[in-house]
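Observations on the three-dimensional arrangement
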Amino acid sequence: MSRSPATTDPIQVSAQPSELLPACLDPARLPAHVAVIMDGNGRWARRRRLPRMMGHREGVEALKRTLRLCSDWGIGALTVYAFSTENWSRPGEEVTFLMSLFERVLARELQALERERVRIRFLGDLEQLPEGLQERIAAAEARTAANTGIHFNICTNYGGRRELVQAARRLAEQAARGELDPAAIDEAHFEAELLTAGEVDPDLLIRSSGEYRISNFLLWQLAYAEIHITDVLWPDFNEQALLRAVLDYQGRQRRFGGVEPLLLPDA
Ligand code: FPP
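Notes on the structure in this doc start here. (Residues numbered from 1 in each chain as written. Predicted model: local features only at pLDDT ≥ 70, side-chain atom pairs only at ≥ 80, totals over all residues. Heavy atoms only, no water.)

1. Examining the side chain of Glu-226
Applied cut-off: Secondary structure follows DSSP: runs of H or I at least 4 residues long count as helices, runs of E at least 2 residues long count as strands, and numbering of each begins at the N terminus. For this analysis, a polar contact is any N or O atom pair within 3.5 Å, provided that within protein one partner can donate a hydrogen and the other can accept it, and provided that sequence-adjacent residues contribute only side-chain to side-chain pairs. Contact criterion: two residues are considered in contact whenever any of their non-hydrogen atoms come within 4.5 Å of each other.
Here Glu-226 shows up in strand S6 (residues 226-229). A distance of 2.9 Å separates a polar atom in the side chain of Glu-226 from a polar atom in the side chain of Arg-252. Apart from residues no more than four positions distant in its own chain, Glu-226 is found in contact with Asp-203, Leu-204, Leu-205, Tyr-249, Arg-252 and Arg-254.

2. Considering the pattern of salt bridges
The test is simple: One speaks of a salt bridge when a side-chain nitrogen belonging to Lys or Arg is within 4 Å of a carboxyl oxygen belonging to Asp or Glu. Each residue is assigned to one of three classes by its accessible area relative to the maximum for its type, calculated with a 1.4 Å probe on protein chains only: buried under 20%, partly exposed between the two thresholds, exposed over 50%.
The full count for this structure, using the stated rule, is 18 salt bridges. Measuring nitrogen to oxygen at the nearest pair gives 3.6 Å for the salt bridge that ties Lys-64 to Glu-61. With Lys-64 and Glu-61 both in helix H2 (residues 52-73) and three residues apart, this pair spans about one turn of that helix. Its relative accessible area of 33% is what places Lys-64 among the partly exposed residues. When its relative accessible area of 30% is taken as the criterion, Glu-61 is described as partly exposed. When the shortest N-O distance is used, the salt bridge between Arg-252 and Glu-226 registers 2.9 Å. With Arg-252 in the segment after helix H7 (239-250) and Glu-226 in strand S6, this residue pair connects regions lying 26 residues apart in the sequence. Judged by relative accessible area, which is 23%, Arg-252 ranks as partly exposed. Residues participating in the shared-partner salt-bridge network are Asp-39, Arg-43, Arg-207, Glu-211 and Arg-213.

All we've got here are geometric facts, nothing functional implied.
Below is the structure:
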């Protein structure tokens, strides 16, 4: 009676170390999935006495740089937080600007993304987005769905708590229909109902602009991620900043709740 979780394709990570990987990075310990909270666009603009919108525009350039670098280095997936369920409370003018920016960038960059074999997906409640943007998203996802390059996930109108509530609701509906035994629900069932189903969990979370918060981002998926917080404001995020983040990650001892093997007492 228990329905098994949907089977999903494994993430495509290049088997060969990328020739473009900086020599100081260990190709065997690259994060397979990097998540980013792109913060600090407004402060970047304010420091230059520019309108906040200019910060968002420069933020797009930083995002393009980061995607290119992750792809070149052989990182399998990049997931970024572009617009949260809480961001609707920003001034209407800024929300409208961001929505039209997303639409324009998608229209402008789609060909290049296709050429570079990027598989693009938008994660969040997309039906609340403007219709023109929804159409662009549907077209971009369809046109890149079979691409075998980096998985590029853009969280838009996304909230981690909302995602968890929706997953719980879908499992409850399956149980109410008699398709799923509540006692059989496990982590795999839950994961299969998340927007990131099929993606490995992020190994590394980068947050720019020096804030120490998760901000309702990927609450389930970040359970064991290593966190790198940098003071760099998102529009200034560049190769050096990404290199520092990955080096920091490679210096961490990942224990996933266990103990460091060398500290085990003799049997
Ligand atoms: C946070 O900075 C940034 C955002 C809410 C928007 C991020 C969007 C982009 C970088 C553009 C992405 C484009 C596409 C196509 C996905 P903030 O405004 O909160 O900065 P502040 O904290 O300094 O005010």
